[in-house]
Amino acid sequence: MGPNYNHSPEPNEQVIREFAKRRRVALLAWGAYIALILLNLFLISSGQGLPLWALVVIGIPFLIFWLVVYRCPVCGTVRQRYDYPRFCENCGARLRYD
């Protein structure tokens, strides 16, 4: 759980910035994993790629990282959907302005 944020659905600059940062980091991690898969597809075409099981094993830490990072900064609930929500579905904290 993060710092003691306000649980109000009113905009809280600190909560909104923290969630945007967490979302950005999580998306960068998945982007890196997708880039690894694409690189592997290129290497497979030349006979040097990793086997599928290795990509799955490498993907497990990315999934764990996603689950650790992509949480509500107020209550720590893991996001059930992977969109860019306006409010936390658990505590109601506002996670973006619009």
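Residues numbered from 1 in each chain as written. Predicted model: local features only at pLDDT ≥ 70, side-chain atom pairs only at ≥ 80, totals over all residues. Heavy atoms only, no water.

Participant: Help me understand the packing of aromatic side chains, please; the structure alone is not making it clear to me.
Facilitator: Here a ring pair, both rings aromatic, is described through the centre-centre distance and the interplanar angle of the planes. Tallied over the entire structure, the rule returns seven aromatic pairs. Ring centres of phenylalanine 19 and tyrosine 84 lie 6.2 Å apart, and the angle between their planes is 15°; on these two criteria the pair is classed as stacked. Of this pair, phenylalanine 19 sits in helix α1 (residues 13-45) while tyrosine 84 sits in the segment after α2 (52-69), placing them 65 residues apart in sequence. On the numbers, 4.9 Å between centres and 50° between planes, the contact of tryptophan 66 with tyrosine 70 is tilted. Owing to a relative accessible area of 7%, tryptophan 66 belongs among the buried residues under this scheme. (Phe/Tyr/Trp six-rings, centres within 6.5 Å; stacked < 30°, edge-to-face > 60°. Helix = DSSP H or I, 4+ residues; strand = E, 2+ residues; numbered from the N terminus. Buried < 20%, exposed > 50% of the residue type's maximum accessible area, 1.4 Å probe, protein only.)

Participant: I tried to follow the pattern of salt bridges on my own but got confused; where do I start?
Facilitator: Opposite charge on two side chains lets them pair, provided their charged atoms get close. Per the stated rule, a full pass over the model turns up three salt bridges. Residue glutamate 18 is joined to arginine 22 by a salt bridge in which the shortest nitrogen-to-oxygen separation is 2.8 Å. Separated by four residues within a single helix, glutamate 18 and arginine 22 lie in helix α1, roughly one turn from each other. Judged by relative accessible area, which is 17%, glutamate 18 ranks as buried. Here arginine 22 falls in the buried class, since its relative accessible area comes to 15%. Beyond isolated ion pairs, a larger network of salt bridges with shared partners links Glu18, Lys21 and Arg22. (Salt bridge = Lys/Arg side-chain N within 4 Å of Asp/Glu carboxyl O.)

Participant: Explain the environment of leucine 50 here, please?
Facilitator: Locating leucine 50 in the fold gives a position in the loop between α1 and α2. Considered as a pair, leucine 50 and asparagine 40 are ten residues apart in the sequence and their alpha carbons are 6.3 Å apart. Beyond its immediate sequence surroundings of up to four residues, leucine 50 is in contact with Asn40, Ile44, Leu55 and Ile58. (Contact = heavy atoms within 4.5 Å.)

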